[in-house]
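# A structural walkthrough
Here is what each chain is made of, one letter per residue.
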Amino acid sequence: MSKTALITGATSGLGYEFVKLFANDGYNLVLVARNKQKMEEIKRSFPTIAVTIISIDLSTPNAAKEVFDLVEKQGITIDVLVNNAGFGLLGHFDVLDIQQQVNMIQLNIVALTELTYYVLQKMKQKNSGKILNVASTAAFQPGPLMAVYYATKAFVLSFSEALVEELSDTQITVTTLCPGPTKTNFGAVANVEGTKMFSRAMNSDIVANQAYDAMLKGKRVVVTGGFNKVGTIAAKFLPRSMAAKVAKSIASKE
Ligand SMILES: NC(=O)c1ccc[n+]([C@@H]2O[C@H](COP(=O)([O-])OP(=O)(O)OC[C@H]3O[C@@H](n4cnc5c(N)ncnc54)[C@H](OP(=O)(O)O)[C@@H]3O)[C@@H](O)[C@H]2O)c1
């Protein structure tokens with residue numbers, strides 16, 4: 001019987017690359033995002049697999065529970081959960097809109113945590129499953145000018161690595177993807193295009209392929225790209241104040 005992967009943020013960028021990878025391997029899919037029309041297009045382009053569409057704004061309270069309840073109602077078993085939906089915003093914390101930043105926390109942290117919670121109960125019952133949580137290289141240091149975004153990704157990495165240990169005596173794996181700048185809609189949404197940090201953005205298919213392989217192997221953390229790997233190692237050794245200064249300088253557009 002075919003396995004099923006649930007992918008949040010399936011309509012563009014990394015999420016859409018994951019859709020193609022899972023579909024090529026014959027997985028049935030549950031697509032979660034806001035853009036229903038785009039998900040219907042995606043569904044039509046994969047006629048040989050079962051594709052379920054859930055159009056929802058995951059930045060609203062209880063959205064993750066709604067997703068889980070819909071999946072349960074349809075009798076779908078989730079074998080792989082990909083918590084990928086997320087966004088960032090460039091600017092001073094006190095100048096950016098507070099509601100948008102709260103929505104970011106709700107999407108990047110709360111929805112990811114709640115969906116993991118509900119799906120994990122089911123995975124525990126059958127002692128099998130894979131979870132791929134999308135963090136970022138932003139997880140490794142404070143990020144002035146993207147303060148909330150970096151903090152949300154630090155949460156994702158810490159939370160996911162803790163789960164790896166909690167689940168060490170099970171057949172359930174949790175993999176955290178930490179991409180650096182990648183060519184998707186993220187740059188336009190976050191307003192980071194033209195910054196130094198985005199001058200070496202990677203292609204999204206390469207990033208998704210590396211993450212997919214790491215997830216299949218049950219690896220703990222995958223940092224994509226040699227330059228990004230060096231950056232995350234440097235962040236571990238630099239004083240936090242220095243790492244924050246570097247992060248601030250690459251977030252500038254000059
Ligand atoms: N690209 C990068 O440079 C980069 C670097 C590090 C980490 N990441 C992380 O990678 C993940 C994927 O981002 P991406 O780069 O692929 O960006 P993207 O192309 O903008 O894709 C974001 C996806 O999330 C969905 N989404 C956004 N807000 C949502 C909401 N409120 N409710 C439900 N779905 C929502 C979008 O679909 P709809 O608009 O249809 O809802 C879209 O499918 C994010 O977690 C991001 O933080 C990206």
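Since the model is a prediction, treat every value here as computed from it, not as a measurement. (Residues numbered from 1 in each chain as written. Predicted model: local features only at pLDDT ≥ 70, side-chain atom pairs only at ≥ 80, totals over all residues. Heavy atoms only, no water.)

## Focus on empty space enclosed by the protein
Rule in force here: With a 1 Å grid laid over protein atoms only, a set of points is called a cavity when a 1.4 Å probe fits there but cannot get out and a pocket when it is open yet has protein on both sides within 12 Å along at least five of seven lines; lining residues have an atom within 4 Å of a point. Grid points are joined across faces, edges and corners, and a volume is the space filled by probe spheres set on the points. Think of it as three bins: nonpolar holds Ala, Val, Leu, Ile, Met, Phe, Trp, Tyr, Cys and Pro, charged holds Asp, Glu, Lys and Arg, and polar takes everything else, Gly as well.
Under the definition given, this model contains one cavity of 30 Å³ or more. What the largest cavity holds in volume is close to 50 Å³. Per-class residue counts for the lining of the largest cavity are six nonpolar, three polar and no charged.

## Side note on the sheet that holds strand E3 (residues 51-55)
What counts, and what does not: For two strands to pair, DSSP has to find at least two bridges joining them. A run of DSSP states H or I qualifies as a helix once it reaches four residues; a run of E qualifies as a strand once it reaches two. Both are numbered from the N-terminal end. Only the contacting stretch of a helix is used when fitting its axis, a line to C-alpha atoms as for every element, and angles between N-to-C directions run 0 to 180 degrees.
Strand order in the open sheet formed by seven strands is E3-E2-E1-E4-E5-E6-E9, and the pairing between neighbours is parallel. Of all strands in the sheet, those with a lone pairing partner are E3 and strand E9 (221-223), marking the two edges. Averaged over neighbouring strand pairs, the angle between their axes works out to 15° when direction is ignored. The pairing of strand E6 (residues 172-178) with E9 spans three bridges and is classified as parallel.

## Brief notes about the site of the ligand
As a reminder of what qualifies: Whether a residue is near a molecule or strand depends on its heavy atoms: it is near if one of them lies within 4 Å of it. We call two N or O atoms a polar contact when they sit within 3.5 Å, provided that within protein one can donate a hydrogen and the other can accept it, with sequence-adjacent residues counted only if both atoms are side-chain atoms. All accessible-area figures derive from a Shrake-Rupley calculation using a 1.4 Å probe, and residue coverage is judged against the displayed protein chains alone.
Near the ligand lie 30 residues; those nearest to it are Thr11, Ser12, Asp57, Tyr149 and Thr184. Between the ligand and Thr11 there is a distance of 2.7 Å, counted from an oxygen atom to a side-chain nitrogen or oxygen. Between the ligand and Tyr149, the relevant distance is 2.7 Å, taken from an oxygen atom to a side-chain nitrogen or oxygen of the residue. Here the ligand, which alone exposes 880 Å², has 93% of that area covered by the protein. Secondary structure elements with two or more residues in the shell around the ligand: helix H1 (13-24) and helix H5 (147-166).

## Thoughts on a nonpolar patch on the surface
What counts, and what does not: A residue counts toward a patch only above 30% relative accessible area and without a salt bridge, and it is joined to like-charged neighbours within 9 Å or, for Val, Leu, Ile, Met, Phe, Trp and Tyr, to nonpolar neighbours within 5 Å. By definition here, a salt bridge exists when the distance from a side-chain nitrogen of Lys or Arg to a carboxyl oxygen of Asp or Glu is within 4 Å. Burial here depends on accessible area, computed with a 1.4 Å probe over protein chains only, as a share of the maximum for the residue type. Under 20% is buried, over 50% is exposed, and the range in between is partly exposed.
A surface patch of nonpolar side chains, about 290 Å² in accessible area, is lined by Leu238, Met242, Val246 and Ile250. Among the secondary structure elements, Val246 is positioned in helix H9 (residues 240-250). Classification of Val246 as partly exposed rests on a relative accessible area of 42%.

## Examining the packing of helix H3 (residues 63-73) against helix H4 (residues 98-126)
Stated formally: Working definition: roughly parallel below 35 degrees, roughly antiparallel above 145 degrees, roughly perpendicular at 65 to 115 degrees, and oblique for all remaining angles. Note on convention: the crossing is left-handed when the near helix lies turned anticlockwise from the far helix by less than a right angle, right-handed when the turn is clockwise. Should any heavy atoms of two residues lie within 4.5 Å, those residues are counted as being in contact.
At a minimum axis distance of 8 Å, the contact between H3 and H4 shows a crossing angle of 30°. Between H3 and H4, the interaxial angle falls into the category roughly parallel. In the packing of H3 onto H4, the handedness of the crossing is right-handed. Counted together, Ala64, Lys65, Val67, Phe68 and Glu72 of H3 and Ala111, Glu114, Leu115, Tyr118, Val119 and Lys122 of H4 form the full contact between these two elements. Counted by class, the contact of H3 with H4 contains seven nonpolar, no polar and four charged residues.

## Describing the side chain of Gln101
With respect to the secondary-structure elements, Gln101 resides in helix H4. The class for Gln101 is buried, based on a relative accessible area of 4%. Setting aside chain neighbours within four positions, we find Gln101 in contact with Leu89, Phe93, Leu96 and Val148.

## Focus: the packing of H4 against H5
One can describe the packing of H4 onto H5 by two numbers: an axis separation of 9 Å at closest approach and a directional angle of 10°. As summarised for this structure, H4 and H5 are arranged roughly parallel, according to the angle between their axes. Facing Gln101, Met104, Ile105, Asn108, Ile109, Leu112, Thr113 and Thr116 of H4, the residues of H5 in contact are Val148, Tyr149, Thr152, Lys153, Phe155, Val156, Phe159 and Leu163.

## A short note on the side chain of Asn228
Along the chain, Asn228 turns up in helix H8 (residues 226-237). The class of Asn228 is buried, set by a relative accessible area of 12%. When sequence neighbours within four positions are dropped, the list of residues in contact with Asn228 reads Thr137, Gly180, Pro181, Met202 and Val223.

## Concerning the nonpolar core
Going by this rule: Side-chain atoms within 4.5 Å are what join buried Ala, Val, Leu, Ile, Met, Phe, Trp, Tyr and Cys residues into a set we call a nonpolar core.
The biggest cluster of nonpolar side chains holds 56 residues, and the ones touching the most others in it are Leu6, Leu58, Val67 and Met146. Counting residues in each nonpolar core, the second largest holds 31 residues, with Phe18, Leu21, Ala33 and Met39 among its members.

## Observations regarding the packing of aromatic side chains
Test applied: Planes of paired rings set the category: under 30 degrees apart is stacked, over 60 is edge-to-face and the rest tilted, where pairs are Phe, Tyr or Trp rings (Trp by its six-membered ring) whose centres lie within 6.5 Å. By definition here, charges over rings are those cases where NZ of Lys or CZ of Arg is within 6 Å of the ring centre and within 35 degrees of the ring normal.
Overall, the coordinates contain eight aromatic pairs when judged by the stated rule. Between the aromatic rings of Tyr117 and Tyr118, the centroid separation amounts to 5.3 Å while the plane-to-plane angle is 85°, which identifies the pairing as edge-to-face. The structure contains a cluster of three or more aromatic residues connected by ring pairs, namely Tyr149, Tyr150, Phe186 and Phe198. The ring of Tyr118 carries the charged tip of Lys65 above its face, separated from the ring centre by 5.4 Å.

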